[in-house]
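Secondary and tertiary structure notes
One letter stands for each residue in the lines below.
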Amino acid sequence: MKAFLLLVMTIFSISAHAVTLEELQQRFSQVPVLRADFSQQRTISGMAQPLNSSGNLLIAQQQGLWWQQEKPFSLTLLLTEKRMVQIMAGQEPQVVTADNNPQMFQFNSLLSALFHADRKVLEENFSLNFTDLGKGAWKLILTPKVSPLNRLFRSITLNGETFLNNIDIDDMQGDATHIRFFNQKTTPATLTDAEKRHFAS
């Protein structure tokens, strides 16, 4: 009976524990490598049908973000501290650095901040509204407060539990983007040889 009561109390204390943004940032920072699949749906004002795409991504704390869209066509996006590289089949890679396009490169650090829940970087650019939804679920609404972000986006909403599960983007043109992440994996905790080549390219 005592063991049963202890189990009930333990479960209750876990479910009653409120998630905070600080805790979330600490949790994400302790994951050296995260792999996931994604599906993206973009609704564009004036278009009857949404645009759908899907693929997979890799986030490595020391290397950066590798985003591989597989459908409806192949598109690779590589983000590191020093560069953004976009690769489409049959085209020359487009390379963006802080020197040749500082405004575009600003999105590099913002994307990294989104995936790592980096409060310092997010607060520099957005007003934050973090909500604990109970049972480990959470929501973070970002409202841009600096240019050019406040001229591009109305809001960016993140939803998740153990991992970031959804990103919803509403822009100033009336368009909306919904990105869902699934099949998240944190093992192996180091990059494979093939994954290392993504960041070496």
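What counts and how
- Residues numbered from 1 in each chain as written.
- Predicted model: local features only at pLDDT ≥ 70, side-chain atom pairs only at ≥ 80, totals over all residues.
- Heavy atoms only, no water.
- Helix = DSSP H or I, 4+ residues; strand = E, 2+ residues; numbered from the N terminus.
- Buried < 20%, exposed > 50% of the residue type's maximum accessible area, 1.4 Å probe, protein only.
- Pairing = 2+ DSSP bridges.

Some points on the environment of L21
- Note that L21 resides in helix α2 (residues 21–29).
- Judged by its relative accessible area of 4%, L21 is buried.
- For the pair L21 and A117, spaced 96 residues apart in the sequence, the C-alpha separation amounts to 7.5 Å.

With respect to the pairing of strand β9 (residues 153–160)
- Of all eight residues in β9, seven are buried, a share of seventy percent or more.
- As defined by bridge partners, strand β8 (residues 137–144) adjoins β9 across five bridges and the pair is classed as antiparallel. Bridge assignment links K139 to a residue of β9, and that residue is N159.
- In this structure, β9 lies alongside strand β10 (residues 164–171), joined through seven bridges in antiparallel fashion. Paired with F153 across the two strands is D171, which belongs to β10.

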